[in-house]
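Chains, contacts and geometry: an overview
Letter by letter, the chains look like this.
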Amino acid sequence: MSEIYAMRAEEPGGPEVLRRVAIDRPVPGPGELLIRHTAIGLNFIDVYFRTGTYPWPPGPGLVTGSEGAGVVEAIGPGVTGIEPGQRIAYTVPNGAYATHRILPAAMAVPLPDDIPDRIAAAVMLKGLTAHYLIHHSYPAQPGETVLVHAAAGGVGLIAGQWLALRGVRAIGTAGGPEKCALAAAHGYAETIDYKATDFAAEVTRLTGGTGVAAVYDSIGADTVLRSLDCLATFGTLVMFGQSSGAPDQFRISHLARGSLRLTRPTLFHHAARRDWLLEASAEMFALIRSGGLKIRIDRDLPLAEVAQAHRLLESRQTTGSSVLIP
Ligand SMILES: NC(=O)c1ccc[n+]([C@@H]2O[C@H](COP(=O)([O-])OP(=O)(O)OC[C@H]3O[C@@H](n4cnc5c(N)ncnc54)[C@H](OP(=O)(O)O)[C@@H]3O)[C@@H](O)[C@H]2O)c1
């Protein structure tokens, strides 16, 4: 039998802290499943956990990774409706960088036969995030114009397509002309290279001075104040990440300039509601099946090389989703 292992950090730090350690085959407790991963998603939240930006749960070291797909190898007492041998996918905070893991059965989403494991591992966190952002955090309406930062990234490429399907005019920012072209091929009506251009000035121009109904901002420190400048009166800032650092310059008084709204949502609050998790996943799988959502997997990397995957993600060298293969 091949080795059961995890990529574990013993202390917060750079990508090099992610080291391979042999682990015992986990045993599921009541209400739990033992999963053998076939594919694991890479996400920016993994970087926040690795560096200690987000606090670690108690325990020796940290196995991060918050998205995956695989096969149920065993079920714990009291689990109903899920059988050993079944394919599932999930998103929960941490524990995914391993060949095997324990998962609460309530977080498992059964996979339809026509949704490949790699695709599922690429979309459970990123796609469900795009779903709640545009249906719940700010439910963009047909004909409205919104702005999405990091439009060529994992969440960004999915959000652009989903907004276009809803009839929303999405403007996307991305770092460089190639990323802008990729975003334009994934639903964005207009793109702005925010490395080369003042994006707020460009949004003002593109909206005839009105501004956008919402900004979906995952960049944080580098963009927060200029994102506010992009908003129309009564507009909404959806601040859902901080890939450039915490947006600590923000003050509540900044909202007064346009009676603006601010929300700071997290996927895991949505995914904890099982009815939403199953319905949103089914909707996403249906759109993937119909071709309405195309999932771009930029690269597959062996799980053991996850440190390299982190280096690429942090240095802005990835587009779309990346998948780790155990
Ligand atoms: N709150 C939630 O529920 C939730 C859920 C999922 C993801 N998120 C957040 O959404 C964002 C996107 O996540 P993702 O996994 O799909 O990552 P991603 O967008 O594929 O990668 C991050 C992108 O951010 C841009 N970026 C701008 N400044 C950066 C900097 N200083 N360092 C690194 N990247 C920078 C880069 O694109 P450019 O080169 O084009 O600028 C980079 O490719 C992250 O901030 C993540 O934390 C939040």
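Model, not experiment: these values are computed from the prediction.

Take the sheet that holds strand 8 (residues 145-148) next. Read across the open sheet, the six strands follow the order 10-9-8-11-12-13; overall the sheet is parallel. Two strands in the sheet have a free side with no partner beyond their single neighbour: strand 10 (190-193) and strand 13 (261-263). Each strand of the sheet is rotated relative to its neighbour by a mean of 15 degrees, with strand direction disregarded. In this structure, strand 11 (residues 212-217) lies alongside strand 12 (residues 231-239), joined through five bridges in parallel fashion. Residue pairing across strands places Asp-217 opposite Met-239, the latter belonging to strand 12. In this fold helix 4 (residues 154-165) packs onto strand 8, strand 9 (169-174) and strand 11, with an angle of close to 165 degrees to the strand it touches most, strand 9.

So, on to the domain arrangement of the chain. When cut into domains, the chain gives domain 1 (5-124 + 296-325) and domain 2 (127-265). Distance between the C-alpha centres of domain 1 and domain 2: 28 Å. Across the boundary between the two partners, domain 1 contributes 10 residues, which contact 12 residues of domain 2. For the side of domain 1 that touches domain 2, the per-class residue count stands at three nonpolar, five polar and two charged.

In this section: the site of the ligand. Taken together, 29 residues are adjacent to the ligand, and Gly-153, Gly-154, Gly-175, Ser-218 and Gly-241 come closest. For the shell around the ligand, the leading source of residues is helix 4, giving three residues. The residue makeup of the shell around the ligand, split by class, is 12 nonpolar, 12 polar and five charged. Each of domain 1 (5-124 + 296-325) and domain 2 (127-265) accounts for three or more of the residues forming the shell around the ligand.

So, about helix 4. Here helix 4 contains 12 residues, and its C-alpha end-to-end distance of 18 Å stays within 8% of the 16 Å for a straight helix at 1.5 Å per residue. Counting buried residues along helix 4, 10 of its 12 residues qualify, which places the element largely inside the surrounding structure. Where helix 4 terminates, the next one or two residues include Gly-167, which has phi positive at roughly 80 degrees.

Burial along strand 8 is two-sided: the residues Thr-145 and Leu-147 and Val-146 and Val-148 are all buried. Pairing geometry for strand 8 and strand 9, over four bridges, is parallel. Looking across to strand 9, one finds that Leu-147 is bridged to Ile-171. Between the parallel elements strand 8 and strand 9, the chain passes through helix 4 in a crossover that is right-handed. Sheet topology places strand 8 next to strand 11; three bridges connect them, and they run parallel. Paired with Val-146 across the two strands is Ala-214, which belongs to strand 11.

This part takes up the environment of Pro-247. Within the secondary structure layout, Pro-247 lies in the loop between strand 12 and strand 13. Of the residues examined, Pro-247 has 20 C-beta atoms within 10 Å and is grouped as buried. Sequence separation between Pro-247 and Leu-225 is 22 residues, and the spatial gap between their C-alpha atoms is 8.5 Å. If sequence neighbours within four positions are ignored, Pro-247 has contacts with Gly-220, Ala-221, Val-224, Met-239 and Gln-242.

Phi at Asn-94 takes a positive value of approximately 70 degrees, unusual for a residue other than glycine. When you line up the elements, Asn-94 lands in the loop between strand 5 (87-91) and strand 6 (100-104). One non-glycine residue, Ser-259, lies in the positive phi region at around 45 degrees. Tracing the backbone shows Ser-259 in the loop between strand 12 and strand 13.

Once that is clear, we can look at the nonpolar core. Counting residues in each nonpolar core, the largest one holds 98 residues, and the members touching the most others are Val-146, Ala-159 and Val-212. For this core, the two domains that each supply at least three residues are domain 1 (5-124 + 296-325) and domain 2 (127-265). Leave out the neighbours within four places in its chain, and Ala-159 touches Ala-130, Leu-133, Ile-134, Val-148 and Tyr-216.

As a packed pair, helix 3 (residues 126-137) and helix 9 (residues 274-290) sit with axes 10 Å apart at the nearest point and diverge in direction by 105 degrees. As far as their axial angle goes, helix 9 and helix 3 are roughly perpendicular. Facing helix 3, whose interface residues are Gly-127, Leu-128 and His-131, helix 9 presents Ala-280, Ser-281 and Met-284. Across the contact of helix 3 with helix 9, the residue classes break down as three nonpolar, three polar and no charged.

What counts, and at which threshold
Residues numbered from 1 in each chain as written. Predicted model: local features only at pLDDT ≥ 70, side-chain atom pairs only at ≥ 80, totals over all residues. Pairing = 2+ DSSP bridges. Helix = DSSP H or I, 4+ residues; strand = E, 2+ residues; numbered from the N terminus. Axes fitted to C-alpha atoms, helices over the stretch in contact; angles between N-to-C directions. Contact = placed C-beta atoms within 7 Å. Domains from an automatic or database assignment. Nonpolar A, V, L, I, M, F, W, Y, C, P; charged D, E, K, R; others polar. Near = placed C-beta within 6 Å. Expected span 1.5 Å × (residues − 1). Buried ≥ 20, exposed ≤ 12 C-beta atoms within 10 Å, placed from the backbone. Right-handed = clockwise from strand over helix to strand, strands pointing away. Core = buried A, V, L, I, M, F, W, Y, C linked by C-beta atoms within 7 Å. Parallel < 35°, antiparallel > 145°, perpendicular 65-115°, else oblique.

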